[in-house]
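One letter stands for each residue in the lines below.
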Amino acid sequence: MKKVLLLIAAFTACSYQHLKAETVKVYPIIFCNTEDEKIGMSCQNDQYRFVEQLGIIETALGLDVDWTMAFTGNECNKPNLEKVISNLDCGTNDVIIFYYSGHGVHAKADAADGWLPQMCLNYNSYDQDKFVPVTYVQSKLKGKPARLCLILTDCCNNEAEWVSVKSASASDGKPANTGNIDIARLKKLFCESKGTVVATSSKRGQVSLGPKEGGCFSMAFWDEIYRIESGQGEATWKAVMEQTKKLTLEYTNNKQEPVYKVDVDGIGGSAPPPVNTGNNTVVIAVGETELANAFKRIVDGSYSNTQRLGMVDGIVQSLFTSDAQVLMVGRNLTTRIGLPMSISKYLEELALSKTVKGVNIVKASKNANGKYNQITISEIR
Amino acid sequence: MKTKIAILVLMLGTFSMSLHAERLSDEDRATLEQHALEKINDFISYLPEIAAKSNKSYEEKQLAQKYIAKTLELFIGEGNDYEYIDAAGNRRMHPAVTMQTTSRGFANPPQPMKRYLQRLMALPYQTVEVDTCQAVRIHSHLRETGDGWYVGSASFLQVFRATRDGRLVVNDKDLKIVTIYVKRIHIPETGEDIWVVYLGDMRVRSSWK
Amino acid sequence: MCRFNEEEHFPGLDASDPQFGQKNFLSLFDYQQVQKDKKEDFLEDILRFYEAVKQDGVKLDYSSREWFAELRADFIYKKQKVELGIILQTEKTPRELDCWTIVGVTDLEKIGFADSTNRLVLGPEQHEVDFVEIDSDFRSSFKEISRFRSYQTKLNALSYFFALIESGTLTFNKRLRVVYHFFDVPSYVFTVSYFDRQTSNTGWLISDYKRVTPAEKEKIKSKYNNR
């Protein structure tokens, strides 16, 4: 009797799981700027990868995916985005996955956006009024009854004009098949999780990199999903995003750091935009290692202003003559700006600066004793 | 408006200033406009280091005073009255650079920058945030005003938030206009030109709710 | 100026749109000057204005002598606040450098300025009595002493204003706002004012425009430059 009861319970559980899977509908909303002359190929591959990988999950879990909401090329535009989100009608057990691959910028002087960028879709820089903030998508999808909502954007988050995407090392292309997929772990992510995940490929001020094979963030994300499918890693959205972030940093030589907010099953987790820890300090000083190291420390925001001020005398005494001068040039590295300054005064300014992120030591000259008596600098902000 | 600093003239004993027929190249102009924006950003970034520090530790107060000095160095005259020559060649005195703020959406009368910074330090708030809003734009290209001086203006958005006893008591957001001065100094020994950028009066253009 | 000259354009406009120029021009206007039921008329009007600009190839320029700035400011006159308009224009100094100078002042009639054609005169015999009448004229008619001037002499409002300021009778209180008046487009005059709104119809916008004859244009201009 006990065995029968157990069998019935198991059957019911399986049926329930199957039923649960059957009733889970997934709504991927895909916007990819596939016809941009600079990044079109990369976005196209992002779109292919997304469709391929979600297709695997669809097959493995028996999900019902609505594939009608993919917008690429000229269709990757604001009216379509607004319409598709507005018309989206989903149930309480459904999953929404919003995915964008294209250009992005950070809204100038708009504190409301916080860490999330604006999606340029297929518009140019002068059409800024048509850019759509990710916060718009976030707030609209919040109003939908879906059980799980993922918002993933692979785009720049800087405040510059147009930045061309540089090549970065690609990840290995992982084979696509459902034969050896860890169903339980995938299910935990897509069928049993409730909440929201919002992630963007780079923190405010950074560009997002991507070779023609696709965006580094997108590749990192799917690589991590593949690991979960292979039975490795932790099958929670918090762990997935944390690993995605690590992989992205690895793929881009620490140049690109995704940021995310996970609020799933009451288990929150986020990588808020980090304070300048000095990891992003840039000092360019060809052949002047000692000098570079000294400047790196003095602009390192992880030290307090008082600590940085305290470094000035030591640096001056060890590396410079007492009358050493600093000449400044603009970003073009030629136009002389500002009056020549004593090295102590300049280092003090750097120690107090909140906006200088690094220096480019354009020229440095030494006296007969090997101490620097003049350096020419361009500040990096 | 053209400006000149008498003190600067004394300091620049080794340099000579001469009128040059050459105008600002497009590349120099773009570089200088970028540098002016950087100065505005520096100004905004220094304000939280100064605000509401008078009731803090000695170390913080000392640091705040350093930042006040740094801030004044960004401005023409360094917060004092200054002499200048106008476009017609007249030698004139200009009152010290002023700063205009808003309170609850209303523009206050402008006050000397030195006084503004000292008052900022003395504000009785628990926390103060001055948002690091980017300079919005330079209005138009720099215009020459004679004797190696150029002048222009820019707008920037500034948000000022302050809390007391855990409550937000000030939340002002306003669009400010600032005059920008650029001085060309020619070094005959090397044939180089050095460009020095200064900020001028800051006025409220409009207040946003 | 850049948007008027189509060197810049309103964000969101498609440069390949055949009506790009008209739409960009329309964006220069304060829409709140349109009455709800007069929208079609307004649009037609703007189109006509645009055609006039295009036909004559008008470009606004900083150095043009066809635009004026009117700085509205508060002054104190006899302990009362009075709002006047100071008119400025760009000009070149002898050093060939740009500057703004004051060319006129408006609303001086608020403080009693009147370039009246009506004259007061001294009697024809006054040369025989050492102009003794002047004593009483200065005492009793001092408020109208300017009416004793020659029939050939016009009063200059700007000089009157400067005299009041320099004598301390009229003192500056504070700036209020600036508007700009443009006379560059043949048959039109228009005014640009600043609108501080949270919508896209904000910033410097054409707040008023009029189709005028050359004579009307000169008359309006002379009001600003006191000529």
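Just so it is clear, the structure is predicted and the values come from calculations on it, not from any experiment. (Residues numbered from 1 in each chain as written. Chains lettered and ligands numbered in written order. Predicted model: local features only at pLDDT ≥ 70, side-chain atom pairs only at ≥ 80, totals over all residues.)

Participant: Can you help me understand the overall build of chain C in this one?
Facilitator: Tallying secondary structure elements over chain C gives five helices and six strands in all. Shown N-terminal to C-terminal, the secondary structure of chain C runs as helices and strands in the order α-α-β-β-β-α-α-β-β-β-α. Look at the contacts in chain C between residues 6 or more apart in sequence, and 54% of them connect residues 24 or more apart. (Helix = DSSP H or I, 4+ residues; strand = E, 2+ residues; numbered from the N terminus. Contact = placed C-beta atoms within 7 Å.)

Participant: I keep staring at the overall build of chain B and nothing clicks. Help me out?
Facilitator: Along the backbone of chain B there are four helices and twelve strands. Counting all 209 residues of chain B, 38% fall into the buried class. In chain B, the share of contacts with a sequence separation of at least 24, taken over all contacts with a separation of at least 6, comes to 63%. (Buried ≥ 20, exposed ≤ 12 C-beta atoms within 10 Å, placed from the backbone.)

Participant: How do you make sense of the confidence of the model for chain B when you look at a structure like this?
Facilitator: When pLDDT drops low, the exact placement of atoms in the prediction is not to be read closely. Summary statistics for chain B give a mean pLDDT of 78 and a share of 82% for residues scoring 70 or more. A low-confidence stretch, residues 1-22 of chain B stays under pLDDT 50, and its non-local contacts, those more than four residues away or across chains, total 40 contacts. (pLDDT = per-residue confidence, 0-100.)

Participant: I'm lost on helix H7 (residues 237-251) of chain A in this one. Help?
Facilitator: The periodicity of an α-helix, 3.6 residues per turn, causes residues three or four positions apart to be oriented the same way. Taking 1.5 Å as the rise per residue, H7 of chain A with 15 residues should run 21 Å; its terminal C-alpha atoms sit 21 Å apart, in good agreement. Looking at the residues trailing H7 of chain A, positive phi occurs at asparagine 253 of chain A, about 55°. (Expected span 1.5 Å × (residues − 1).)

Participant: So what exactly am I meant to see when it comes to the sheet that holds strand S5 (residues 188-195) of chain C here?
Facilitator: Backbone hydrogen bonds hold the strands of a sheet together, and the pairing may be parallel or antiparallel. Residues and elements named next belong to chain C. The strand order across the open sheet formed by six strands is S3-S2-S1-S4-S5-S6, and the pairing between neighbours is antiparallel. Because the sheet does not close on itself, it has two edges, and the strands there are strand S3 (98-106) and strand S6 (203-211). For this sheet, the mean angle separating the axes of adjacent strands, direction not counted, is 35°. Both S5 and S6 contribute to a ladder of eight bridges, which runs antiparallel. Looking across to S6, one finds that valine 192 is bridged to isoleucine 206. Set on the sheet, helix H5 (residues 214-225) makes contact with strand S1 (67-77), strand S2 (80-92), S3, strand S4 (170-182) and S5; between it and S3 the angle comes to about 100°. (Pairing = 2+ DSSP bridges. Axes fitted to C-alpha atoms, helices over the stretch in contact; angles between N-to-C directions.)

Participant: Which parts of the structure should I look at to understand the nonpolar core?
Facilitator: Buried together is how nonpolar side chains tend to be arranged in soluble globular proteins. In this structure, Ile298 and Leu347 of chain A together with Ile40, Ile50, Ile180, Val182 and Val197 of chain B are the most contacted members of the largest nonpolar core, which totals 73 residues. Ranked by residues supplied to this core, first place goes to helix H2 (residues 26-50) of chain B with nine residues. Dropping the residues within four chain positions of it, leucine 347 of chain A is found in contact with Ile298, Val312, Ile315 and Val316 of chain A. In this structure, Cys32, Ile96, Tyr100 and Leu209 of chain A belong to the second largest nonpolar core, which totals 68 residues. (Core = buried A, V, L, I, M, F, W, Y, C linked by C-beta atoms within 7 Å.)

Participant: What should I look at first to understand the interface of chain A and chain B in this one?
Facilitator: Accessible area lost on assembly of the parts is the figure often given for the size of an interface. Every contact between the two is made by 19 residues of chain A and, on the other side, 26 residues of chain B. When contributions to the side of chain A that touches chain B are tallied by element, the ones reaching two or more residues are helix H9 (305-319), strand S14 (336-337) and helix H10 (343-352) of chain A. Residues of the side of chain A that touches chain B, tallied by class, amount to five nonpolar, seven polar and seven charged. (Nonpolar A, V, L, I, M, F, W, Y, C, P; charged D, E, K, R; others polar.)

Participant: Teacher, can you tell me more about the interface of chain C and chain B here?
Facilitator: Counting from both sides, the interface comprises seven residues of chain C and, opposite them, eight residues of chain B. Here the side of chain C that touches chain B is built from residues that sort into three nonpolar, one polar and three charged.

Participant: Whenever I open this one, unusual backbone geometry confuses me. Can you help?
Facilitator: As a rule of thumb, non-glycine residues mostly have phi less than zero, and peptide bonds are mostly trans rather than cis. Residues and elements named next belong to chain C. Its identity as a non-glycine residue notwithstanding, aspartate 107 has a phi of 70°, on the positive side. Inspection of the secondary structure puts aspartate 107 in the loop between S3 and helix H3 (133-140). Among the residues examined, aspartate 107 registers 14 C-beta atoms within 10 Å and is labelled partly exposed. At phenylalanine 131, a residue that is not glycine, the phi angle is positive and equals roughly 55°. Using a count of 12 C-beta atoms within 10 Å as the deciding quantity, one classes phenylalanine 131 as exposed.

Participant: Would you mind showing me how to read the sheet that holds strand S5 (residues 103-105) of chain A here?
Facilitator: Residues and elements named next belong to chain A. The antiparallel open sheet is built from three strands, whose spatial order is S5-S6-S7. Here the strands that pair on one side only, and so sit at the sheet edges, are S5 and strand S7 (132-133). In terms of strand pairing, S5 meets strand S6 (residues 118-121) through three bridges, oriented antiparallel. When the sheet's bridge partners are listed, glycine 104 is paired in S6 with methionine 119.

Participant: Where do I start with the environment of lysine 371 of chain A in this structure?
Facilitator: Residues and elements named next belong to chain A. Positionally, lysine 371 belongs in the loop between strand S16 (358-366) and strand S17 (372-380). Using a count of 15 C-beta atoms within 10 Å as the deciding quantity, one classes lysine 371 as partly exposed. When the C-alpha atoms of lysine 371 and alanine 324 are compared, they prove to be 8.9 Å apart, with 47 residues separating the residues in sequence. Discounting chain neighbours no more than four positions away, the residues touching lysine 371 are Leu319, Phe320, Thr321 and Lys366.

Participant: For this particular structure, what's the right way to read the pairing of S2 of chain C?
Facilitator: For a regular strand, side chains alternate in direction, first toward one face of the sheet and then toward the other. Residues and elements named next belong to chain C. Looking at chain direction, S1 and S2 are connected through nine bridges and run antiparallel. Among the inter-strand pairings, arginine 72 is bridged to a residue of S2, identified as glycine 85. Looking at chain direction, S2 and S3 are connected through eight bridges and run antiparallel. Paired with threonine 90 across the bridge in S3 is tryptophan 100.

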